[in-house]
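# Observations on chain architecture
Here is what each chain is made of, one letter per residue.
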Amino acid sequence: MSGTTTPGRDDTPAVALGPLALVLGVVGATGAWPTLALVMLPWSIIASGLALTFGVMGIHYARQGDGRMGTAVAGTTLGAIGLVGVITLITAFAA
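Below, the structure is looked at part by part. Only a predicted model underlies this, so the values are computations on that prediction, with no experimental measurement involved.

## Some thoughts on the overall build of the protein
In terms of regular secondary structure, the protein is built from three helices and zero strands. Counting from the amino terminus, the protein carries its helices and strands in the arrangement α-α-α. When each of the 95 residues of the protein is scored for burial, the buried share is 27%. Across the protein, every contact between residues at least 6 apart in sequence was considered, and the portion connecting residues at least 24 apart equals 69%. Approximately 6100 Å² of the protein is accessible, and the part contributed by carbon and sulfur atoms is 73%.

Here is the structure:
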């Protein structure tokens, strides 16, 4: 028996928020790309909102010592870019 089974701060679910926000942010940011905007529109709306939410939660927990700040900030930024791109696309067609 070489290891302990007590949970540490590295195996909490909060550690996964940053990488999850990063992956969803990449999917959401494809909606800001002009050639993929209409194809990825439904996925981009959902993924951008989730990336923004999970990224802000990841930043909160990273400030407390759980998870990494860089991936949470990158996911939040990409989610915001995707959301702004989708909103810009919708308002351009509405006008």
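## Focus: helix α3 (residues 69-94)
For α3, built from 26 residues, the straight-helix expectation of 38 Å at 1.5 Å per residue is met to within 8% by its first-to-last C-alpha distance of 37 Å. Residues of α3 that are buried make contact with α1 (17-29) and α2 (41-63).

## Let's talk about a nonpolar patch on the surface
A cluster of nonpolar side chains, namely Ile45, Ile46, Leu50 and Ile90, defines an oily patch on the protein surface of about 330 Å² accessible area. At three residues, α2 tops the list of elements feeding residues into the nonpolar patch. Counting through the fold element by element, Ile45 comes out in helix α2.

## A few points about α2
The end-to-end C-alpha distance of α2 is 33 Å, a good match for the 33 Å that 23 residues give at a rise of 1.5 Å each. For α2, the set of buried residues is Ser44, Ala47, Ser48, Ala51, Gly55, Gly58 and Ala62. Among the structural elements, α1 and α3 are those in contact with the buried residues of α2. After α2 finishes, the residue Gly65 shows a positive phi value of roughly 105 degrees.

## Examining the environment of Gly58
Here Gly58 is to be found in helix α2. A relative accessible area of 4% places Gly58 in the buried class. Sequence separation between Gly58 and Ala72 is 14 residues, and the spatial gap between their C-alpha atoms is 5.3 Å. Setting aside residues up to four positions removed in sequence, Gly58 forms contacts with Leu17 and Ala72.

## Thoughts on the environment of Leu24
Mapped onto the fold, Leu24 is located in helix α1. Judged by its relative accessible area of 18%, Leu24 falls in the buried class. Residues Leu24 and Ile46, 22 residues apart in the sequence, show an inter-C-alpha distance of 8.8 Å. If sequence neighbours within four positions are ignored, Leu24 has contacts with Ala47, Leu50, Ala51 and Phe54.

The rules behind these values
Residues numbered from 1 in each chain as written. Predicted model: local features only at pLDDT ≥ 70, side-chain atom pairs only at ≥ 80, totals over all residues. Heavy atoms only, no water. Helix = DSSP H or I, 4+ residues; strand = E, 2+ residues; numbered from the N terminus. Buried < 20%, exposed > 50% of the residue type's maximum accessible area, 1.4 Å probe, protein only. Contact = heavy atoms within 4.5 Å. Areas by Shrake-Rupley, 256 points an atom, 1.4 Å probe, with all protein chains shown as cover. Expected span 1.5 Å × (residues − 1). Patch = residues over 30% accessible without salt bridge, like charges linked within 9 Å, V, L, I, M, F, W, Y side chains within 5 Å. Salt bridge = Lys/Arg side-chain N within 4 Å of Asp/Glu carboxyl O.

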